[in-house]
Structures are given as structure tokens and as C-alpha cells.
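# Examining the three-dimensional arrangement
Chain by chain, the residues run as shown.
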Amino acid sequence: MPINERKLAIVSGIVLGEDSETGINVRLSELRQVLSRRINNPDAVIGKLTEEGVFKMERVGGGFRVIIQYTPEVKGIYGNVVESIITFDDFIKELNNAIMKHANPATGYADLGVVMKYVCSRLGIGELDFDQLFLKAIRINGRKYVLSYGGSHRVKVGSGYYGLVKVIP
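Right, let's walk through the structure included here. Every chain begins its residue count from 1, and numbering advances along the sequence as written. Reporting in this predicted model follows two pLDDT cut-offs: at least 70 for local features of residues, and 80 or more for side-chain atom pairs to be given and counted; totals over whole chains, interfaces and linings ignore these cut-offs and use all residues. Here the side-chain values reflect all heavy atoms present in the structure, with hydrogen atoms and water set aside.

## Regarding the side chain of asparagine 25
With respect to the helices and strands, asparagine 25 occurs in strand S2 (residues 24-27). At a separation of 3.3 Å, a polar atom in the side chain of asparagine 25 contacts the side chain of serine 20. Contact criterion: two residues are considered in contact whenever any of their non-hydrogen atoms come within 4.5 Å of each other. When sequence neighbours within four positions are dropped, the list of residues in contact with asparagine 25 reads Gly17, Glu18, Ser20, Arg65, Val66 and Ile67. Comment: elements are numbered from the N terminus, with helices defined as DSSP H or I runs of at least four residues and strands as E runs of at least two. Distance and chemistry together define a polar contact, namely a pair of N or O atoms within 3.5 Å, with one atom able to donate a hydrogen and the other to accept it when in protein, and with adjacent residues in sequence counting only for side-chain atoms on both sides.

Listed below in C-alpha cells is the structure:
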């Protein structure tokens, strides 16, 4: 399931639903109807998120409702949609923290895939958003970051694909 379908399902549920102690409650039929406008198979997306524990199905009267659990991912998206927008400075701060935290002590390089997962979970953003913000950070603060080949997630900068990153304090 592409990240955009996952995020769209969560955002739609947040916008349509109501907050409660257990999570955000939204009628399944309403969520399905909204998602069907943009996603070919909304039931598959809802099912996948239910398997992962992000959504919980509950029978109510003659129908069902979806409870969107307050996971870190959901809280990050909720904060993005409802409370505030993540600034570029927030991204840079989390990026630098992630690189320093996950850097190899011998080389100083961190795997970009590990850094991406950490930053995405902390800020509630997707991989595509991470890539765009990371490339913007490289363009703006190019001398602060050193890139190298390898890693589990690569980004294209110039003519090369890089997957290791080091931050210069």
C-alpha cells in the first residue's frame, strides 16, 4: 500500500471523525465513501490499517465504526492537520538529532533509511515528504551535510544516489 493511501485514510478519518478517549471515531460507511473518490479499493486500505493496529473496527447498531487509535503516527498526522503545521526548522532539528543518534561511531555516517524512519515517526510525515524536505535541507545547508553511497534508502542528489549521511556540527 503506497504511503499516500495510508496517510489519506488516516487524514480522512481524522477530519470526518470525532475525538474520544479511545481514539477518533468515524462511521465506516462515511470513511469508505470518502476514500472511494481517490482510492480504487478503500476496503483493502482500511483492512491493512486494521491489521497494523492503527484502526479498530467496532460494531454499532446495524453498522460499523472505525476507531483510529492514537499511535505516534496518528498523533503526528493529527497535529499536522488539526493543531499546527511542521516547520522546516522542526524538520532540521529532528534530522540532526536522528543523524547524531544513529551515526556509526567509527565513521560518523548514519543510514538514511534509519534516519528517515525515525524522523517520520517523530513528525508524523511520510517518506515522500521526508525526501522532499531532506533534499531542501541539502540545497539550503549543503555544507552542513556529507553524503555517501550505500544505506537502505537512497535519494538522488545531482547524478548520484546517496544513502548515508553525516552532519558536521
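## What to know about the pattern of salt bridges
A side chain with one charge may pair with a side chain of the opposite charge, provided their charged atoms come close. Each reported salt bridge corresponds to a side-chain nitrogen of Lys or Arg within 4 Å of a carboxyl oxygen of Asp or Glu. This model, assessed by the stated rule, comprises seven salt bridges. Residue lysine 7 pairs with aspartate 129 through a salt bridge whose shortest N-O separation is 2.7 Å. Within this pair, whereas lysine 7 is found in helix H1 (residues 3-16), its partner aspartate 129 is found in helix H7 (residues 127-140), the two being separated by 122 residues in sequence. Throughout, exposure labels follow a simple rule: accessible area from a 1.4 Å probe, protein chains only, divided by the maximum for the residue type, with under 20% read as buried, over 50% as exposed, and the rest as partly exposed. Owing to a relative accessible area of 22%, lysine 7 belongs among the partly exposed residues under this scheme. Between arginine 32 and aspartate 43 there is a salt bridge whose closest N-O contact spans 2.7 Å.

## Concerning the sheet that holds strand S1 (residues 18-19)
In this scheme, strands are said to pair when DSSP sees at least two bridges between them. If you trace the four strands from one edge of the open sheet to the other, you get S1-S2-S4-S3, paired in antiparallel fashion. Only two strands of the sheet have a single partner each, and these edge strands are S1 and strand S3 (55-60). Where S3 and strand S4 (residues 63-68) come together, six bridges link them in antiparallel fashion. Bridging across to S4, valine 60 finds its partner in glycine 63. Lying on the sheet, helix H2 (residues 28-35) is in contact with S2, S3 and S4; it crosses S2 at an angle near 75°. Only the stretch in contact is used when a helix axis is fitted, and all axes are lines through C-alpha atoms; the angle between N-to-C directions ranges over 0 to 180 degrees.

## Concerning the packing of H2 against helix H3 (residues 42-51)
As a packed pair, H2 and H3 sit with axes 9 Å apart at the nearest point and diverge in direction by 125°. Looking at the two axes, H2 sits oblique to H3. In the packing of H2 onto H3, the handedness of the crossing is right-handed. Taking contact as the criterion, the partners of Leu28, Leu31, Arg32 and Leu35 in H2 are, on H3, Pro42, Asp43 and Ile46. In terms of residue class, the contact of H2 with H3 is built from five nonpolar, no polar and two charged. Put simply, angles under 35 degrees are roughly parallel, angles over 145 are roughly antiparallel, angles from 65 to 115 are roughly perpendicular, and the rest are oblique. Less than a right angle of anticlockwise turn of the near helix away from the far helix marks a crossing as left-handed, whereas a clockwise turn marks it as right-handed. Gly is placed with the polar residues, together with every amino acid not listed as nonpolar (Ala, Val, Leu, Ile, Met, Phe, Trp, Tyr, Cys and Pro) or charged (Asp, Glu, Lys and Arg).

## Details of the pairing of S4
The two faces of a sheet get side chains in turn, since along a regular strand they alternate between them. Of the strand pairs in this sheet, S2 and S4 are connected by four bridges, and their pairing is antiparallel. Of the residues in S4, the one forming a bridge with valine 26 is valine 66. Once S3 ends, the chain turns through two residues before running back antiparallel as S4, passing glycine 61 with a positive phi of about 60°.

## A look at the nonpolar core
Take the buried Ala, Val, Leu, Ile, Met, Phe, Trp, Tyr and Cys residues and link them wherever side-chain atoms come within 4.5 Å; each set so joined is a nonpolar core. Ranked by size, the top nonpolar core spans 23 residues in total, and within it Phe91, Leu95, Val119, Phe130, Phe134 and Tyr145 carry the most contacts. Those elements giving two or more residues to this core turn out to be helix H5 (88-102), helix H6 (112-123), H7 and strand S9 (164-167). Of the residues forming this core, the biggest block, seven residues, is contributed by H6. Those residues in contact with tyrosine 145 that sit more than four places away from it in its chain are Ile92, Leu95, Asn96, Ile99, Ala137, Ile138, Val165, Lys166 and Val167.

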